[in-house]
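Working through the structure, step by step
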Amino acid sequence: MSARTPDLSRRRHLEGHRPVADDWRTPDTEALVDAILRLDDREDALNFLRDLCTLGELHDLAQRWAVVRLLDAGMHYADISRRTGASTATITRIASWLKHGEGGYREMLDRLRSGDGSVPDPTGTEP
């Protein structure tokens, strides 16, 4: 478990946010993350994800990441739903995690921006 997790959870609680349960951080989850961190490149990652996930799971993960990027770009929920096929309930849940989750979505968006200053549009067109 990350050293910053307890501080982040405590800070969220103090800021009035519901603390995020850490029961998902199991030894198996930690082992999965360790395996992902050892992947060398995009092709290795694609191969690993394809072996690990069903096509439906991969679609769902990719759709969630597309929703995050569109939310970050300021797109309206109904437009995101039309573009991605995600339900507005799913979009609302993702928006909540983007604002109040573990900070992983925001961290990745920031890292992508630090490369060339932009986050790739999930649909290949400008919003």
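Structure shown above.
This text gives an overview of the structure that appears in the document. (Residues numbered from 1 in each chain as written. Predicted model: local features only at pLDDT ≥ 70, side-chain atom pairs only at ≥ 80, totals over all residues. Heavy atoms only, no water.)

Digging into the overall build of the chain
Under the convention used in this document: We count a stretch as a helix when DSSP gives it H or I for four or more residues in a row; a strand needs E for two or more, and each element gets its number in order from the N terminus. Residue burial is assigned from relative accessible area. The probe radius is 1.4 Å, only protein chains are included, and a residue is buried under 20% of its type maximum, exposed over 50%, and partly exposed in between. A contact between two residues is defined here by any heavy atoms of the two lying within 4.5 Å. Where accessible areas are quoted, they stem from the Shrake-Rupley method and a 1.4 Å probe; at the residue level, only the protein chains shown are allowed to cover.
Per the secondary structure count, the chain includes seven helices and zero strands. In sequence order, the secondary structure elements of the chain are arranged as α-α-α-α-α-α-α. Expressed as a percentage of the 127 residues in the chain, the buried residues total 20%. The contacts of the chain with a sequence gap of at least 6 include a subset with a gap of at least 24, amounting to 48%. As displayed, the chain has an accessible area near 8,900 Å², and 54% of this comes from carbon and sulfur atoms.

Regarding the pattern of salt bridges
In plain terms, the rule: In what follows, salt bridge is the name for a side-chain nitrogen of Lys or Arg lying within 4 Å of a carboxyl oxygen of Asp or Glu.
For the structure shown, the criterion picks out five salt bridges. Between Asp79 and Arg82 there is a salt bridge, with the nearest N and O atoms lying 2.3 Å from each other. Of this pair, Asp79 and Arg82 are both found in helix α5 (residues 77-84), three residues apart, which corresponds to roughly one turn of the helix. The partner of Asp110 in a salt bridge is Arg113, with the nearest N and O atoms 3.8 Å apart. Separated by three residues within a single helix, Asp110 and Arg113 lie in helix α7 (residues 104-116), roughly one turn from each other. Classification of Arg113 by relative accessible area gives partly exposed; the value is 30%. A cluster of three or more residues bridged by salt bridges with shared partners is formed by Asp72, Arg106, Asp110 and Arg113.

Some thoughts on a nonpolar patch on the surface
Going by this rule: Exposure above 30% relative accessible area and the lack of any salt bridge qualify a residue for a patch; like charges then connect within 9 Å, and the nonpolar side chains Val, Leu, Ile, Met, Phe, Trp and Tyr within 5 Å.
A cluster of nonpolar side chains, namely Leu32, Ile36, Leu49 and Leu52, defines an oily patch on the protein surface of about 290 Å² accessible area. For the nonpolar patch, the secondary structure elements donating two or more residues are α2 (27-37) and α3 (42-52). Along the polypeptide, Ile36 turns up in helix α2. Residue Ile36 is classed as partly exposed on the basis of its relative accessible area of 39%.

A few points about the nonpolar core
Let me state the cut-off plainly: Each nonpolar core is a collection of buried residues, namely Ala, Val, Leu, Ile, Met, Phe, Trp, Tyr and Cys, held together in the definition by side-chain atoms within 4.5 Å.
If you look at the biggest cluster of nonpolar residues, it comprises twelve residues: Val67, Val68, Leu70, Leu71, Met75, Ile80, Ala86, Ile91, Ile94, Ala95, Leu98 and Leu109. When neighbours within four sequence positions are excluded, Leu109 is seen to be in contact with Trp65, Val68, Arg69, Asp72, Leu98 and Val119.

What to know about the side chain of Gln63
Mapped onto the secondary structure, Gln63 falls in helix α4 (residues 55-72). Taking the relative accessible area as the measure of exposure, Gln63 reaches 15% and is therefore buried. Every residue in contact with Gln63, bar those within four places of it in the chain, is listed here: Thr84, Gly85 and Ala86.

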